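Here are the chains, one letter per residue:
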Amino acid sequence: MILQILFYSISEKEVGGNAKSGANEISAFPWGAHYVPIPNNDLTAYIDFLDECGIIKSRGENNLPEYKEEYLCFDPEERLFINGRWQDGLVPHFGLPAKDIAQIDTFLKQMNVYRYTTGADGKDAFAIPVNASSTDTVFTTLDNITMKQWMLNNHYESNYLHNYVNYCTKDDFGTPHDKISAWAGIHYFAARKGKAVNATYSDVITWPEGNGFLVNQLKKICKAQTKTNCLATKIIAQQDKVIVECFDAANKKYFAVEADQCIVAAPQFVAGRLLNNNERMAAVKNNFNYAPWMVANIKVNELKQKEGAPLSWDNVIYDSTSLGYIDATHQQLQLYKTKRNLTYYMPLCATDAVTERQQAQQKKHEDWVDVIFRDLEKIHEDIEEKTEEINVMVWGHAMIQPLPGFITGEARKEMARSINDNIHFAHTDIAGISIFEEAFYQGLNAAKKIMAKQI
Ligand SMILES: Cc1cc2nc3c(=O)[nH]c(=O)nc-3n(C[C@H](O)[C@H](O)[C@H](O)COP(=O)(O)OP(=O)(O)OC[C@H]3O[C@@H](n4cnc5c(N)ncnc54)[C@H](O)[C@@H]3O)c2cc1C
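Owing to the predicted nature of the structure, the values given are computational and were not obtained by experimental measurement. (Residues numbered from 1 in each chain as written. Predicted model: local features only at pLDDT ≥ 70, side-chain atom pairs only at ≥ 80, totals over all residues. Heavy atoms only, no water.)

Draft legend 1. Structural detail: the side chain of T343. Positionally, T343 belongs in strand 16 (residues 339–347). In this structure the side chain of T343 is engaged in a polar contact, spanning 2.7 Å, whose partner is the side chain of N297. (Helix = DSSP H or I, 4+ residues; strand = E, 2+ residues; numbered from the N terminus. Polar contact = N/O pair within 3.5 Å; in protein donor to acceptor, adjacent residues only side chain to side chain.)

Structure below.
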């Protein structure tokens, strides 16, 4: 069924938001989101969507998906530069004292127990979407403290372990582990439990363009209704209809759309302004925090490698302010490559988000290039010489930060509530964590509300 009442508008030149991608003569590359993990098996609508996107080869016993090998991340998948050498995998082990290795092992075992724990309500303690998780207070009280505090309360004191967990929370939430809620921190480790014929929850599905691949599949379905370069400036709620005022930036014209139903898939700090609702804007300002990020795409000639594990898809430097880089050419089939696109990720979280945004705004291209080179020369001494081009993207409000109290708090639920039964919200910020699956289910749930009205 085509829902003509839906209104698609994108303020930028391209669709995709945080999952948009670019390309040059070497390969496509992501500008933000770059992979999805093997989905949990109860996410049947999402798995069907991946099937429609041509990612699933067949279904095995119990309908288990078999993912196409070309979309599962090839080996070698991850490496970490630590104690002067590249080690295989991101969990620190090279050069670590035995007591740290033991503590990391205990921590990961505890996370695995959480993976399969259910609450008194029978629901998974940590589920995807977040709203499907148990509301048992045994788990929800974890939202009252930070991940770091929870680790210390549980006698996890290894610096190596803290460093690893901090890397993980920065990776998924753009936020250090001393700021993130313990519930969200544990969710990172325990929410994924997917199984497939040829993969498990620790495997990832990826493409040179990252999640831009999924964006392009979605784009095909709604090409005719999509307007890019077009900014919604006001949403006027009426009892039986919605007026959306827009600015067509390409043609410098204002126009209005009258709709029966409207889904606002923009973040809440935008939604509050569009609705011109002071109370809503204040609630967002007081409760919603967004992490800024810098992403760079770096075109390089073959780089000198330090000793240890070979160049991988994900290449991380221990104790760096960055998250390292993804080799966007990793999924290409040819083995010998003279040039690559490296996608470099840096959550801007050394201080608070507002200060970071202000500092980022003042930085010029050459300042970012300097930051990147100083970081990457630790692992590639010839990075400056071998770089042909660097393009930088700063995401001011890249992703929602699940700080303590946000996941279980009222503000998130309040902002998610539809207005007048005809304005619905569908951004990952009301999920509390920013991952593709949450975006998918936010959209699906909003669409279901509208379809239910049509029957
Ligand atoms: C650097 C980075 C890396 C990430 N990596 C991953 C990853 O590997 N895997 C993963 O699952 N997730 C990742 N994410 C999370 C990613 O944000 C989500 O997966 C998902 O793409 C978010 O989708 P969304 O629809 O909620 O929001 P957004 O992507 O924020 O989309 C919001 C859209 O609203 C539009 N908009 C805003 N205001 C207006 C207006 N006034 N009028 C019209 N349109 C408007 C914007 O142009 C944008 O297109 C990453 C995020 C970032 C920033």
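Additional details are given in the paragraphs that follow.
Draft legend 2. The arrangement of the site of the ligand in detail. Around the ligand, the surrounding shell holds 29 residues, and the nearest of these are E12, N18, H427, T428 and F436. Here a nitrogen atom of the ligand and a backbone polar atom of A232 are 2.9 Å apart. Here an oxygen atom of the ligand and a side-chain polar atom of S434 are 2.9 Å apart. Burial of the ligand by the protein chains amounts to 88% of its free accessible area of 990 Å². Elements supplying a minimum of two residues to the shell around the ligand: strand 9 (230–237), strand 13 (290–301), strand 17 (387–400) and helix 14 (436–454). (Near = heavy atom within 4 Å. Areas by Shrake-Rupley, 256 points an atom, 1.4 Å probe, with all protein chains shown as cover.)

Draft legend 3. Highlighting the sheet that holds strand 11 (residues 253–259). Taken together, the three strands give an open sheet; going across it, the order is 9-10-11, and neighbouring strands pair in antiparallel fashion. Each end of this open sheet is capped by a strand with a single partner; those strands are strand 9 and strand 11. Sheet twist, expressed as the average angle between the axes of neighbouring strands with direction ignored, equals 25°. Of the pairings in the sheet, the one linking strand 10 (residues 242–248) to strand 11 comprises seven bridges and is antiparallel in character. By the bridge assignment, V244 is partnered in strand 11 with V257. (Pairing = 2+ DSSP bridges. Axes fitted to C-alpha atoms, helices over the stretch in contact; angles between N-to-C directions.)

Draft legend 4. Geometry of the side chain of S312. Note on placement: S312 falls in the loop between strand 13 and strand 14 (314–317). Engagement of the side chain of S312 in a polar contact is seen with the backbone oxygen of P310, the distance being 2.9 Å.

Draft legend 5. A look at the sheet that holds strand 15 (residues 325–327). What the seven strands build is an open sheet, ordered 7-6-14-15-16-13-17; its pairing is mixed. Only two strands of the sheet have a single neighbouring strand rather than two, namely strand 7 (85–88) and strand 17. Here the strands of the sheet are splayed against their neighbours by 25° on average, with no regard to which way each runs. Sheet topology note: the strand 6 (residues 78–82)/strand 7 ladder contains four bridges and is antiparallel. The partner of I82 across the bridge, within strand 7, is R85. Strand contacts of helix 11 (residues 365–376): strand 13, strand 14, strand 15, strand 16 and strand 17, with the helix running at about 100° to strand 17, the strand carrying the most contacts. (Contact = heavy atoms within 4.5 Å.)

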